[in-house]
Amino acid sequence: MLLNTYAPPFKLVGGYFIAGIFFLALSIGAFFYADFEAISSLNTAGFLHIFFVGFVISIIIGALYQLTSVILEKPFFTVKGAILNLVIFCLSLLAMSYAMIFVEARILQLSAVFLFGALLFFGSTYALSFMGNQKRSFAAFALFISAIFLLVGITLGFCLVMILGGTLMLDFTMTLKFHVYFVLGFVFFVILGAASVLLPMFALAHDLKFTLSKASLACYILAGVLLAVDENLAIFAVAVAALLFIA
């Protein structure tokens, strides 16, 4: 009933899924331009953005337009302008990935502004969907944390472009590490929150406790603190968080 009551337009959800499939196919060609011996190089970043942003995050955004309403039992904050935002997202990501792979600095800076704007639009409306939320659950909490991680992650990504352009003086390597941490955190917390609803539903299980899931969430947040101290400890904490979720 909830799937139908708060259902967004099919062309919006379907549009993100089609975009995801398109970028997945495109990533096959981009893979051959990547230099994995220099993982932080621009051409490698181009491939990674096509795959992770174009494929993974497109699918997640499409799913969130549907799942957020189901988990919160209230409509998504707004879907007005979302179709136009999808078009801007796809075109700007294409342009930015091209600029990264073929090192076109001016195109990179301009396309990054539009991509940041498109993701900021979704991230803001996603976060605002939790206003007035009466559904107190682990899933709702995990999704809310994911919204914060997305907004911080894309902001750090935009900061990286400004650092490359010489308009912002920050440590590029540390900013890159936290950009990856927050964007992966967005993906991880969406999976954590959605799984706590969908897995019991599919298993026909009731009254489950989410102690391990809560510990997993805490470990991933701890990894962010450790990242500022020791990268290896941070990676270990992320691995523990993943194992706790699997358990």
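Here's a quick rundown of the structure. Nothing here was measured: the structure is a model prediction, and the numbers come from that model. (Residues numbered from 1 in each chain as written. Predicted model: local features only at pLDDT ≥ 70, side-chain atom pairs only at ≥ 80, totals over all residues. Heavy atoms only, no water.)

Describing helix 7 (residues 172-203)
- Helix length check: helix 7, at 32 residues, gives a terminal C-alpha distance of 45 Å against a target of 46 Å (1.5 Å per residue), a fit within 8%.
- Within helix 7, the axis deviates most sharply at Ala 195, by approximately 35°.
- At the N-terminal boundary of helix 7, the capping side chain belongs to Asp 171, with an oxygen 3.0 Å from the backbone nitrogen of Thr 173.
- Phi turns positive, to about 55°, at Leu 204, one or two residues after helix 7. (Helix = DSSP H or I, 4+ residues; strand = E, 2+ residues; numbered from the N terminus. Expected span 1.5 Å × (residues − 1). Bend = angle between axes of the 7 residues up to and from the residue. Polar contact = N/O pair within 3.5 Å; in protein donor to acceptor, adjacent residues only side chain to side chain.)

A short note on a nonpolar patch on the surface
- Nonpolar side chains collect at one region of the surface, where Phe 22, Leu 26, Leu 84, Val 87, Ile 88, Leu 91, Leu 94, Leu 110, Val 113 and Phe 114 lie side by side and expose about 890 Å² of accessible area between them.
- For the nonpolar patch, the elements supplying multiple residues, two or more each, are helix 2 (10-31), helix 4 (82-101) and helix 5 (105-128).
- Here the nonpolar patch gets five residues from one element, more than from any other, and that element is helix 4.
- Assignment of secondary structure puts Leu 84 in helix 4. (Patch = residues over 30% accessible without salt bridge, like charges linked within 9 Å, V, L, I, M, F, W, Y side chains within 5 Å. Areas by Shrake-Rupley, 256 points an atom, 1.4 Å probe, with all protein chains shown as cover. Salt bridge = Lys/Arg side-chain N within 4 Å of Asp/Glu carboxyl O.)

Things to note about the nonpolar core
- Counting 70 residues, the largest nonpolar core has Tyr 65, Phe 89, Tyr 126 and Phe 186 as its most contacted members.
- Going through the elements one at a time, helix 2, helix 3 (42-72), helix 4, helix 5, helix 6 (138-165), helix 7, helix 8 (211-227) and helix 9 (231-246) are the ones with two or more residues in this core.
- No other element matches the 13 residues that helix 6 contributes to this core.
- If we skip the residues at most four places from it in the chain, Tyr 65 touches Pro 8, Leu 12, Val 13, Tyr 16, Phe 76, Thr 78, Val 79, Ala 82 and Phe 122. (Core = buried A, V, L, I, M, F, W, Y, C linked by side-chain atoms within 4.5 Å. Buried < 20%, exposed > 50% of the residue type's maximum accessible area, 1.4 Å probe, protein only. Contact = heavy atoms within 4.5 Å.)

Some details on unusual backbone geometry
- With a phi close to 55°, Glu 73 is a non-glycine residue in the positive phi region.
- Summarising the element assignment, Glu 73 is placed in the loop between helix 3 and helix 4.
- One non-glycine residue, Val 103, lies in positive phi territory at about 50°.
- Structurally, Val 103 can be placed in the loop between helix 4 and helix 5.

Remarks on the side chain of Thr 125
- Residue position: Thr 125 is located in helix 5.
- Reaching out from Thr 125, the side chain makes a polar contact with the backbone oxygen of Phe 121 at a distance of 3.0 Å.

With respect to the side chain of Ser 213
- Following the sequence through the fold, Ser 213 ends up in helix 8.
- Accessibility expressed as a relative area gives 15% for Ser 213, which makes it buried.
- In contact with Ser 213, not counting residues within four places along its chain, are Phe 138 and Leu 192.

Details of the packing of aromatic side chains
- This structure, assessed with the given rule, holds 30 aromatic pairs.
- Seen from their ring centres, Phe 22 and Phe 23 are 5.3 Å apart, and the 70° between their planes marks the pair as edge-to-face.
- In this structure Phe 22 comes out as partly exposed when scored by relative accessible area, which is 43%.
- Taken together, a centroid distance of 5.7 Å and an interplanar angle of 65° make the contact between Tyr 126 and Phe 130 edge-to-face.
- Members of the aromatic cluster, each reached through a chain of ring pairs, are Tyr 16, Tyr 65, Phe 76, Phe 89, Phe 122, Tyr 126, Phe 130 and Phe 144. (Phe/Tyr/Trp six-rings, centres within 6.5 Å; stacked < 30°, edge-to-face > 60°.)

Quick notes on the environment of Phe 52
- Summarising the element assignment, Phe 52 is placed in helix 3.
- Taking the C-alpha atoms as reference points, Phe 52 and Ala 228, 176 residues apart in sequence, are found 24 Å from one another.

As for the packing of helix 3 against helix 7
- Look at helix 3 against helix 7: their axes get within 11 Å of each other, and the N-to-C directions meet at 40°. In terms of their interaxial angle, helix 3 and helix 7 are classed as oblique. Between helix 3 and helix 7 the crossing geometry is left-handed. Where helix 3 abuts helix 7, its residues His 49, Val 56, Ile 57, Ile 60, Leu 64, Leu 67 and Ile 71 lie against His 179, Val 183, Phe 186, Val 187, Val 190, Gly 193, Ala 194, Val 197 and Leu 198.
- Residues of the contact of helix 3 with helix 7, tallied by class, amount to 13 nonpolar, three polar and no charged. (Axes fitted to C-alpha atoms, helices over the stretch in contact; angles between N-to-C directions. Parallel < 35°, antiparallel > 145°, perpendicular 65-115°, else oblique. Left-handed = near helix turned anticlockwise from the far one by under 90°. Nonpolar A, V, L, I, M, F, W, Y, C, P; charged D, E, K, R; others polar.)

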